[in-house]
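Residue-level structure breakdown
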Amino acid sequence: MTIELPRKAQVVIIGGGVVGCSIAYHLAKLGWSDVLLLERRQLTSGTTWHAAGLIGQLRASINMTRLARYTAELYRQLEAETGQATGYRQCGSISIATNLERFEELKRNASMAKVFGLPVNVISREEVKQRYPLINDSDILGGIHIPSDGYGNAVDITQALAKGARSGGVQIVQDCKVTAIRHDGAKVTGVSTAQGDIVGDVAADKVVICGGMWSRDLAASIGVNIPLQACEHYYVLFESVAGLDPAMPVMRDYDACSYYKYDAGKLMVGAFEPHARPWGIEGIAEDFCFDEIAGNFEQMEPVLEQAMQRIPALQHAGIQKFFCGPESFTPDVRYHLGEAPELKNCFVAAGMNSIGLQSAGGVGKVMADWIRDGHPPADLWEVDVRRNMPFQGNRKYLRERVSETLGLLYATHWPFRQYESARGARKSALHDRLVARGACHGEAFGWERPNWYAPQGVVPRYEYSYGRQNWFEHSAAEHRAVRDAVGLFDQSSFAKFRLEGPHACRVLNRVCANDVDVATGRIVYTQWLNERGGIEADVTVTRLADDCFLIVGGAETEVRDFAWLKSHIPATEHCVLTNVSSAMGVISLMGPASRQLLQSLTPADMSGPAFPFASSREIELGYALVRASRITYVGELGWELYVPSEFMLGVYDEIVAAGDRCGLVHAGYHALNSLRIEKAYRHWGHDITDEDTPLEAGLEFAVKLDKAGGFTGREALLRQQEQGLRKRLVQFKLHSPQPLLYHNEPIWRGDTIVGSIRSGMYGHTLGTAVGLGYVEPPPGHVLGEIGTDEFEIEIAGIRHPATASLRPMFDPENSRIRG
């Protein structure tokens, strides 16, 4: 029977796995019936059909846990709503720890779960054995138990979502391959399809790519970057397992890279091994559908050997099924969601990293809201497709990186953990010089960046823990050198844009909350806001000329910030935006002796009156003309030096030759973080996001509500001023110098959780851990006074008294910056 496709749809969803069907279901719930879902073969035939079915809720961050929790809640009621069986069973889950560091991680996650009321119980070894009698508990220290976790049948859940979508008016067409996404160069206009012998086009306002492991190549055909690569993924079904009980919880043994789940009278043992095998590198066969792949028993063998030690009954059981199937993984083990920066109204929901079933409910809901509203319903930056750099679509890079990322799902989530694969993708011109100085480079957005420097005789290598890591004291020395003398930072990874043209000032001033219509050579710190007043970007803007501006932001937001500004340049305005990130390196000299050092290297007058704070100009340094900008992210007198890339080595050598005579110290990003958090400087993506306004974040000094012409988000801030604040960013320092803060720790005020830590670091000048987090009043109230010593921060189940402040605890009068 031939099904005639509509000529037009409001939304076309490409892909009929659990994610695509969930988006269709949630769009129908919003009342969008003009939705078409196209599946190249049959629903679930890609990777959904062989999903293990685990439905866990606890993730490494608060917002991802919220999505997973919604998924579990949806699946619990889906069968009753649709009449379609889902196989959902709420049996709970147990995650065990066999070493102190893993137990620390589990307890920290249990504390995080309290922020939004997810019951997670820390349990002893004896309780683990009581709940899971088959287990060998000889090396178990304890674990966590989540009563509301469970499992379901992925195929049945997808069919239930599809049934719910159809009942809401969504049309689902199978055996209909999308051969092309149509666009006009700026936005999508529809799709081209092949349905049997019929080839046709469907016009569409919006297109959603949910094609799983096919998504990368389909997106690349229209210039959209979705970095993902399929890997082999394994599980084994054991039959005749003595003592197996259907009521047993799902059990995760992270340190053995394995999970255990009851499966229709059998026990499933699945793996997330540390060194995965990429699959389908040369492409995926056209007829691939409900297919298994050959796999390699030797790849799974180490996991099975450990499984037989963990569950001794497996030694006498039989293997009923050895399974290997493909799953797509991303470079950072996080989903790709949202509107593609390259093409308007082209949405993406792909790269589920083998947790698609337990993610699909929440992903479907937020994507439906995003499609409807044109913006994410919450802070979803960690999974926003705009975080990806163009080079990350490179096949060699993906092949190497995903061999590591599959195993990271179960690896210990160490603070400051660095990727080991596909390193050296992006290097500063100073890279080799800094290695010779003892730099231990971390990787961020492809950039190799010095995180800390090893003294002579110390190997620059990480030794991870949840306590003070091996670099702690070395970074502390860098921190103190910046406070006492002068430190050198390589910050070449900054994102740098030029906006120039006769209308550049007018365009930029509508985007910026601060006033950038300033004198040439002035630097303005500002945020870019959305219509709701939320902070979309945190940047500095330097006026280079009447018609030219330099915009500097974080390395992680290079793609996002460029896309945001470009989308806010009206076609009628005459200006050009150019990404010049690779054209300039950045050397930052920070500390009370920075002026003395720079003055010894240039004929320019670096004195306070001649070179005041927030000013920028070109100076002679070595053989180069260097843009020196007096600005700081560490709370000290200092300059950022913007150097043309070809002059970087010469300028660096000049600085170091002079600096070695006056105590110059090289400093890394760990020191930068500890310095900035003492000064309560905000970090976009952690302390400030598109859900937080400048008023809530304490950045009202960077907002000019009365500037001519207004700016995006102004009306929302005026409303917030009238109504009062519902939350406020607060700086905390622990009373005890021993515990460490990282992020997501609950903030207690008496017996009530009032927020969570957004970012934390040890403050070596303040002598204790320092954190930034939002405090919220009870529902229906606005925020009143912040008491200085009314708070406690919970770390791994233990509450620690903390002092709170709305002003920076270090140098609140900015005397050190003024120099």
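See the structure printed just above.
Anyway, here's the lowdown on the structure attached to this text.

Conventions used here
- Residues numbered from 1 in each chain as written.
- Predicted model: local features only at pLDDT ≥ 70, side-chain atom pairs only at ≥ 80, totals over all residues.
- Heavy atoms only, no water.
- 1 Å grid on protein atoms, 1.4 Å probe; cavity = no way out; pocket = protein on both sides within 12 Å on 5 of 7 lines; lining within 4 Å.
- Points joined across faces, edges and corners; volume = space filled by probe spheres on them.
- Helix = DSSP H or I, 4+ residues; strand = E, 2+ residues; numbered from the N terminus.
- Nonpolar A, V, L, I, M, F, W, Y, C, P; charged D, E, K, R; others polar.
- Pairing = 2+ DSSP bridges.
- Axes fitted to C-alpha atoms, helices over the stretch in contact; angles between N-to-C directions.
- Contact = heavy atoms within 4.5 Å.
- Buried < 20%, exposed > 50% of the residue type's maximum accessible area, 1.4 Å probe, protein only.
- Core = buried A, V, L, I, M, F, W, Y, C linked by side-chain atoms within 4.5 Å.

Details of the layout of surface pockets
- There is about 950 Å³ of room inside the second largest pocket.
- Elements represented by at least two residues in the lining of the second largest pocket include exactly α8 (357–373) and α13 (558–567).
- Of the residues that constitute the lining of the second largest pocket, the class distribution is twelve nonpolar, ten polar and eleven charged.

Describing the sheet that holds strand β23 (residues 495–500)
- Ordered in space as β24-β25-β26-β23-β27, the five strands form an open sheet in which the pairing is antiparallel. Sheet topology places β24 (523–529) and β27 (576–579) at the edges, where each strand pairs with a single neighbour. Neighbouring strand axes in the sheet, compared pairwise and without regard to direction, differ in orientation by 30° on average.
- Bridge count for strand β25 (residues 535–545) against strand β26 (residues 548–553) is five bridges, and the pairing is antiparallel. From the neighbouring strand, T540 faces β26, where its bridge partner is V552.
- Contacting β23, β24, β25, β26 and β27, α13 crosses the sheet at an angle of about 175° to β27.

Let's talk about the sheet that holds strand β38 (residues 798–805)
- Reading around the circumference, β33-β36-β35-β34-β37-β38 is the order of the six strands in this closed barrel, with antiparallel pairing throughout. Across this sheet, the average inter-strand angle for adjacent strands is 40°, counted without regard to direction.
- Sheet topology note: the strand β34 (residues 746–749)/strand β37 (residues 791–795) ladder contains three bridges and is antiparallel. The partner of W748 across the bridge, within β37, is E792.

So, the environment of I753
- Relative to the helices and strands, I753 is located in strand β35 (residues 752–763).
- For I753, a relative accessible area of 23% puts it in the partly exposed group.
- Through-space distance from the C-alpha of I753 to that of L550 is 42 Å; in sequence the pair is 203 residues apart.
- When residues no more than four places from it in sequence are discounted, the contact partners of I753 are K114, V115, P746, I747 and W748.

Some remarks on the nonpolar core
- In terms of nonpolar packing, the biggest core is built from 69 residues, with Y132, V241, Y260, I311 and L314 touching the most fellow members.
- Considering every element that reaches this core, the biggest residue donor is strand β12 (residues 229–239), with seven residues.
- Contact partners of V241, with chain neighbours within four places excluded, come to L134, L267, A313, L314 and A317.
- In this structure, L43, A162, A165 and A360 belong to the second largest nonpolar core, which totals 48 residues.

Some points on empty space enclosed by the protein
- One pass over the full model with this rule turns up four cavities of 30 Å³ or more.
- Considering only enclosed or pocket space, the largest cavity measures out at about 110 Å³ in volume.
- Contributions of two or more residues to the lining of the largest cavity are made by α11 (472–484) and β35.
- Residue classes in the lining of the largest cavity are distributed as eight nonpolar, four polar and one charged.

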